[in-house]
Amino acid sequence: MPPSPAASPSPAPSAHPEHTRQLRRVALSGLLGTAVEFYDFLVYGTVAALVFGELFFPGADPAVGTIAAFGTFAAGYLARPIGGILFGHFGDRLGRKSMLLLTMGLMGGASFLIGLLPTYDTIGVWAPVLLITLRVVQGIAIGGEWGGATLMVVEHAGERRRGLWSSFTQMGAPLGSLISAAVVALVSTLPKDQFAAWGWRVPFLLSVALLGVGLFVRLKVVESPLFAEVKKDRAEARLPILDVLRRPRPVLLACCVGIGAFTAQSLLTSYLIAYATGIGYPRPQVLTALTVSAAVALVVLPCASALSDRVGRRPVVLAGALLSAATAFPVLALVDSKSSGALILAVVLGHGIAQSLMYGPLGALFSEMFGTRVRYTGASLGYQGATLVGAGFSPMIAGSLVAGSGNSTPVALLLCGGSLITALTVWFVRETSRTSLSGADTEVADAPRTEEITA
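Residues numbered from 1 in each chain as written. Predicted model: local features only at pLDDT ≥ 70, side-chain atom pairs only at ≥ 80, totals over all residues. Heavy atoms only, no water.

- Named according to an unreviewed UniProt entry, the protein chain is MFS transporter originating from Streptomyces shaanxiensis.
- Database annotation for the protein chain, UniProt heading Subcellular location (unreviewed entry): "Cell membrane". (UniProt positions renumbered as here; feature names shortened; annotations may be inferred.)

Notes on the environment of Asp 40
Stage number 1. Here Asp 40 lies in helix α1 (residues 17-56).
Stage number 2. Overall, Asp 40 belongs to the buried group, its relative accessible area being 1%.
Stage number 3. Along the backbone, Asp 40 and Phe 204 are 164 residues apart, and their C-alpha atoms lie at a distance of 7.0 Å.
Stage number 4. Setting aside anything within four residues of it in sequence, one finds Asp 40 in contact with Met 107, Gly 108, Ser 111, Gln 138 and Ser 207. (Helix = DSSP H or I, 4+ residues; strand = E, 2+ residues; numbered from the N terminus. Buried < 20%, exposed > 50% of the residue type's maximum accessible area, 1.4 Å probe, protein only. Contact = heavy atoms within 4.5 Å.)

Details of the nonpolar core
Stage number 1. Grouped together as the largest cluster of nonpolar side chains are 109 residues, with contacts concentrated most on Phe 52, Phe 56, Trp 200, Tyr 359, Leu 362 and Phe 366.
Stage number 2. The element best represented in this core is α1, accounting for 18 residues.
Stage number 3. Leave out the neighbours within four places in its chain, and Leu 362 touches Trp 146, Gln 170, Val 257, Gly 258, Ala 261, Phe 262 and Val 317. (Core = buried A, V, L, I, M, F, W, Y, C linked by side-chain atoms within 4.5 Å.)

Structural notes on the packing of aromatic side chains
Stage number 1. By the definition in use, this model includes nine aromatic pairs.
Stage number 2. Ring geometry for Trp 200 and Phe 204: centres 6.1 Å apart, planes at 80°, overall edge-to-face. The pair formed by Trp 200 and Phe 204 is uniform in burial state, with each residue classed as buried.
Stage number 3. On the basis of an interplanar angle of 80° and a centroid distance of 5.8 Å, the ring pair of Phe 262 and Tyr 359 is categorised as edge-to-face. Here the residue Phe 262 occupies a position in helix α13 (residues 249-267), and Tyr 359 occupies one in helix α17 (residues 340-359), the gap between them amounting to 97 residues.
Stage number 4. Residue classification places Tyr 359 among the buried positions, given a relative accessible area of 1%.
Stage number 5. Through a chain of ring-to-ring contacts, three or more aromatic side chains come together here, namely Trp 146, Phe 262, Tyr 359, Phe 366 and Tyr 383.
Stage number 6. In this structure, Arg 283 packs its charged tip against the face of Phe 195, placed 5.0 Å from the ring centre. (Phe/Tyr/Trp six-rings, centres within 6.5 Å; stacked < 30°, edge-to-face > 60°. Lys NZ or Arg CZ within 6 Å of the ring centre and 35° of its normal.)

Brief notes about helix α15 (residues 283-311)
Stage number 1. For α15, which comprises 29 residues, the first-to-last C-alpha distance of 40 Å matches the rise-based estimate of 42 Å (1.5 Å per residue) to within 8%.
Stage number 2. Among the residues trailing α15, Gly 312 stands out with phi positive, at a value near 110°. (Expected span 1.5 Å × (residues − 1).)

Let's talk about the side chain of Thr 377
Stage number 1. Counting through the fold element by element, Thr 377 comes out in helix α19 (residues 375-392).
Stage number 2. When its relative accessible area of 1% is taken as the criterion, Thr 377 is described as buried.
Stage number 3. Only 3.5 Å separates the side chain of Thr 377 from the backbone nitrogen of His 89, close enough to count as a polar contact.
Stage number 4. Only 2.7 Å separates the side chain of Thr 377 from the side chain of Asp 92, close enough to count as a polar contact.
Stage number 5. Leave out the neighbours within four places in its chain, and Thr 377 touches Gly 84, Gly 88, His 89, Asp 92, Pro 240, Ile 241 and Val 244. (Polar contact = N/O pair within 3.5 Å; in protein donor to acceptor, adjacent residues only side chain to side chain.)

Describing the pattern of salt bridges
Stage number 1. Under the definition given, this model contains eight salt bridges.
Stage number 2. Here Arg 218 and Glu 145 are joined by a salt bridge, their closest N and O atoms 2.9 Å apart. Taken together, the positions of Arg 218 in helix α10 (residues 207-218) and Glu 145 in helix α5 (residues 126-156) put the pair 73 residues apart, joining distant regions of the chain. This pair shows no difference in class: Arg 218 is buried, exactly as Glu 145 is.
Stage number 3. Taken together, the salt bridges that share partners define one network made up of Asp 92, Arg 96, Glu 155 and Arg 375. (Salt bridge = Lys/Arg side-chain N within 4 Å of Asp/Glu carboxyl O.)

Some thoughts on unusual backbone geometry
Stage number 1. With a phi angle near 65°, Lys 338 is a residue other than glycine that sits in the positive phi range.
Stage number 2. Relative to the helices and strands, Lys 338 resides in the loop between α16 (313-336) and α17.
Stage number 3. Using a relative accessible area of 55% as the deciding quantity, one classes Lys 338 as exposed.

Considerations on a nonpolar patch on the surface
Stage number 1. Together, Phe 112, Leu 113, Leu 116, Leu 205 and Val 208 line one region of the surface with nonpolar side chains, adding up to about 390 Å² of accessible area.
Stage number 2. In terms of residues, the nonpolar patch owes the most to one element, helix α3 (residues 96-116), which gives three residues.
Stage number 3. Along the chain, Phe 112 falls in helix α3. (Patch = residues over 30% accessible without salt bridge, like charges linked within 9 Å, V, L, I, M, F, W, Y side chains within 5 Å. Areas by Shrake-Rupley, 256 points an atom, 1.4 Å probe, with all protein chains shown as cover.)

So, the confidence of the model for the protein chain
Detailed reading of the predicted model is not advised wherever pLDDT is low.
Stage number 1. Per-chain confidence: the protein chain averages 82 in pLDDT, with 87% of residues scoring 70 or above.
Stage number 2. Element-level mean pLDDT values for the protein chain span from 70 in helix α11 (residues 225-233) up to 96 in α16.
Stage number 3. Predicted confidence for residues 1-15 stays below pLDDT 50, and this span has 29 contacts to residues more than four positions away or in other chains.
Stage number 4. Here residues 439-455 is a poorly scored stretch, pLDDT under 50, and it has 41 contacts once near neighbours within four places are set aside; other chains count. (pLDDT = per-residue confidence, 0-100.)

Looking at the environment of Gly 84
Stage number 1. Mapped onto the elements of the fold, Gly 84 is located in helix α2 (residues 62-93).
Stage number 2. Under the relative-accessibility criterion, Gly 84 is labelled buried at 0%.
Stage number 3. Once the C-alpha coordinates of Gly 84 and Tyr 383 are considered, the two residues, 299 residues apart in sequence, prove to be 8.6 Å apart.
Stage number 4. With sequence-adjacent residues up to four places away left out, Gly 84 is seen in contact with His 89, Gly 143, Gly 144, Thr 377 and Ser 380.

Digging into helix α21 (residues 409-425)
Stage number 1. Relative to the 24 Å expected for 17 residues at 1.5 Å per residue, α21 spans 24 Å between its end C-alpha atoms, a close match to the ideal helical length.
Stage number 2. Those residues of α21 not exposed but buried are Pro 410, Val 411, Ala 412, Leu 415, Cys 416, Gly 418, Ser 419, Thr 422, Ala 423 and Thr 425.
Stage number 3. The secondary structure elements touched by the buried residues of α21 are α13, α14 (270-278), α16, α17 and α20 (394-405).

In structure tokens form, the structure reads like this:
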């Protein structure tokens, strides 16, 4: 792989106190916004693993009901690239901030409505139809959320600490997971009949409170300065998606680099709940393990992202991928031991540490792979494509294979395979930690500049 071409440094952010306040506000907005999105998304995955099979797909074999519930989970992931294209287009044409307000409102509204849904016993087949519809709305919303939230932070930050600042958005995932696991753990202490009757609705209805806080903070941020500069100079209308797909290699590389992180995320969070409870773990023990793992991730993510500012994005992602692949079978063996302490260790090692090393630098890395004119669209497509392949189908595939084999080997193979895809692909990605995000670099998708994607 040839050495990375020299890049002129991005302008350092102003030392003016107002700029510092705005940067912190944007980072907090990214953290809260992404936490709301992931809270809503992960609450669905958690509750789907616990009761959606019996409530929305009754009469089926328990394993089939779980697979069907995770099928609706996959529907949300299928919708994510649509959201990336839709909100990416308008985010690149109209601005980042307005799209972020819209995605947050859609996500919170869909989650609240899921909490009000009648079940199959009340309205029959319309119950799963409405559930899938709202799940698709969730997927479209989160498909546009991550790209905009990350770009707002990255484009406000200076060159030297883009990774660290972007980690605030990345930390929204474990924070949302932490809150969702805590809330579901609390309501799951209810007797089983009460949890199935009304307790499962509480986490979805509570999303309104998180939505209000997130919108309040997000309304106070200003538009990305790099986007404002590009918009001022734009001479003609363009379709960002066509510019991105005209030279698709950056998107394909981004998709493959992210697969390992999202495979680990889905298998060691949402699917693990169904698998672990199925082999005899009490639900509170599983949710406790996920809560501890999320707390560890909140520490590892900013450390991994800050390290990527010093040594580069690629080495950190590669280290996480290799660690995840090497520990895939030991992690599942720990889960199979049926020891609560071993379960916590397994989830912390596989998700809290290895997955966080892969995931932490992705916000900065994906943003740096695209020019400002198409950055929202390009980064969103890369990220959501990775979630679709790595996370969208993994729980359903794992559930089907485990039902057939009767052991956890297929889960370990999926986890190892996703991590190895990331490890192999990262060698073909140019190091971007010193890439300029301003000036000529904003034109990368408008001119044939091969250095942006040189392997």
